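# Close look at the chain arrangement
Each chain, letter by letter, is given below.
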Amino acid sequence: MTAVETGMRARTRRAILDAAVATLSKDSGASLSDVAAAAGVGRTTIHRYFPERSDLITAIGDDLLEKIAAATERARPGEGPALQALDRLCQQYFELGDGLMLVYAEPHLMTGEKWEVETPADLALIELIQRGHTEGVIDAQLPADWVQQLVWSMLYTAWQHIRDSGASKHESLGLCLRSLRKSLAT
């Protein structure tokens, strides 16, 4: 019985976090009642999992860092030519759009100890960029930290393009990757 309760509790927590990201990324001022409705639970259920709004916000930030780590691992940035690995990494990060759009709209989500240190995902991206420099496929005059910011900026632009123009995810990701390749070319 405990395993079922734990599984059900984990599913409910996941539903709340996913609904919070989807709801708050569209309207950062949305109420917890709005989040509860999107999650298909009552407001009291949200309070059982996250007693304060700040607890929910912290959990969203922690969850996003876990998702970035998992996306980085799925992309296998250490495998293959640097530009192909960078494409895979961008494709994986692109799928985190709502969460990352929320972070850009609400920078206070990126506070706390976990956000203040370089994560393994950060280091993997920097190493990939440096490998691109060595392979001669990323302009060596573009510092790795600059390229890292460029990657995130291009992804943000792609997500915003979808919201502003109604472009498809496929189209917007294609434009992002093409723009990024041209920006990094030697």
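See the structure shown above.
Keep in mind that what you see is a predicted model, and the values were worked out from it rather than measured. (Residues numbered from 1 in each chain as written. Predicted model: local features only at pLDDT ≥ 70, side-chain atom pairs only at ≥ 80, totals over all residues. Heavy atoms only, no water.)

## Some points on empty space enclosed by the protein
Worth spelling out the cut-off: Of the grid points, spaced at 1 Å and generated over the protein atoms alone, those admitting a 1.4 Å probe that cannot get out make up cavities, while open sets with protein on both sides within 12 Å along at least five of seven lines make up pockets; any residue with an atom within 4 Å of a point is treated as lining. Grid points are joined across faces, edges and corners, and a volume is the space filled by probe spheres set on the points. When residue character is reported, Ala, Val, Leu, Ile, Met, Phe, Trp, Tyr, Cys and Pro are called nonpolar, Asp, Glu, Lys and Arg charged, and the others, Gly included, polar.
The final tally for this structure, using the stated rule, is 1 cavity of 30 Å³ or more. Of the voids in this model, the largest cavity is the one considered here, and its volume is about 30 Å³. As for the largest cavity, its lining consists of Leu83, Leu86, Asp87, Leu177, Leu180 and Arg181. Residue composition of the lining of the largest cavity, by class: 4 nonpolar, no polar and 2 charged.

## With respect to helix 8 (residues 120–135)
Threshold: Helix and strand assignments come from DSSP, with helices taken as H or I runs of at least 4 residues and strands as E runs of at least 2, each series counted from the N terminus. One fewer than the residue count of a helix, multiplied by 1.5 Å, yields its expected span. Relative accessibility decides the category of a residue: with a 1.4 Å probe and only protein chains considered, values under 20% of the type maximum give buried, values over 50% give exposed, and everything between is partly exposed. The contact criterion used throughout is that any non-hydrogen atoms of two residues lie within 4.5 Å.
For helix 8, built from 16 residues, the straight-helix expectation of 22 Å at 1.5 Å per residue is met to within 8% by its first-to-last C-alpha distance of 22 Å. Those residues of helix 8 not exposed but buried are Ala121, Ala124, Leu125, Ile126, Leu128, Ile129, Gly132 and His133. In this structure, the buried residues of helix 8 make contact with helix 4 (53–75), helix 5 (82–94) and helix 9 (144–165).

## Regarding unusual backbone geometry
If you check the backbone angles, Arg76 has positive phi at about 50 degrees while not being a glycine. Within the element layout of this structure, Arg76 appears in the loop between helix 4 and helix 5. Look at Arg76 and you get partly exposed, because its relative accessible area is 38%.

## Remarks on helix 5
The first and last C-alpha atoms of helix 5 sit 18 Å apart over 13 residues, in line with the 18 Å expected at 1.5 Å per residue. Taken together, the buried positions of helix 5 are occupied by Ala82, Ala85, Leu86, Asp87, Arg88, Leu89, Cys90, Tyr93 and Phe94. Buried residues along helix 5 sit in contact with helix 4, helix 6 (97–105), helix 8, helix 9 and helix 10 (169–184).

## A look at the nonpolar core
Stated formally: Among the buried residues, those of types Ala, Val, Leu, Ile, Met, Phe, Trp, Tyr and Cys that are joined through side-chain atoms within 4.5 Å form a nonpolar core.
Counting 56 residues, the largest nonpolar core has Ile60, Tyr93 and Leu155 as its most contacted members. If we skip the residues at most four places from it in the chain, Ile60 touches Leu17, Ala20, Val21, Leu24, Leu102 and Leu109.

## Some remarks on the layout of surface pockets
Each pocket or cavity is described by its volume, and for the largest pocket that value is around 450 Å³. Met110, Trp115, Asp122, Gln149 and Trp152 are the residues nearest the centre of the largest pocket, which is lined by 20 residues in total. Among the elements of the structure, helix 4, helix 6, helix 7 (113–116), helix 8 and helix 9 are those that each provide at least two residues to the lining of the largest pocket. The class makeup of the residues in the lining of the largest pocket is 12 nonpolar, 4 polar and 4 charged.

## So, the side chain of Thr45
Among the secondary structure elements, Thr45 is positioned in helix 3 (residues 43–49). Judged by its relative accessible area of 12%, Thr45 is buried. The residues touching Thr45, leaving out its near neighbours within four places in the chain, are Thr12 and Ile16.

## Description of the pattern of salt bridges
In plain terms, the rule: Between Lys or Arg on one side and Asp or Glu on the other, a salt bridge is scored when a side-chain nitrogen of the former is within 4 Å of a carboxyl oxygen of the latter.
Applying the stated criterion across every chain yields a total of 9 salt bridges. Between Asp18 and Arg14 there is a salt bridge, with its nearest N and O atoms 2.7 Å apart. Of this pair, Asp18 and Arg14 both sit in helix 1 (residues 2–26), 4 residues apart, roughly one helical turn. Residue Asp18 is classed as partly exposed on the basis of its relative accessible area, which comes to 34%. In this structure, Lys169 and Glu95 form a salt bridge, with 3.0 Å as the shortest nitrogen-oxygen distance. Taken together, the positions of Lys169 in helix 10 and Glu95 in the loop between helix 5 and helix 6 put the pair 74 residues apart, joining distant regions of the chain. Lys169 gets classed as partly exposed once you look at its relative accessible area, which sits at 44%.

## Looking at the packing of helix 4 against helix 6
Put simply, the test is: For helices, the fitted axis covers only the stretch in contact; all axes are lines through C-alpha atoms, and the angles between them, taken along N-to-C directions, range from 0 to 180 degrees. The labels follow the angle: roughly parallel below 35 degrees, roughly antiparallel above 145, roughly perpendicular from 65 to 115, and oblique for the rest. Put simply, a crossing is left-handed when the front helix is turned counterclockwise from the back one by less than a right angle, and right-handed when it is turned clockwise.
The N-to-C vectors of helix 4 and helix 6 enclose an angle of 130 degrees; their axes lie 10 Å apart at closest approach. The angle between helix 4 and helix 6 falls in the class oblique. Of the two possible hands of crossing, helix 4 and helix 6 adopt the one that is left-handed. In this structure, helix 4 uses Ile60, Leu64 and Ile68 to contact helix 6, whose residues at the interface are Gly99, Leu100, Leu102 and Val103.

Shape descriptors only; they carry no functional weight alone.
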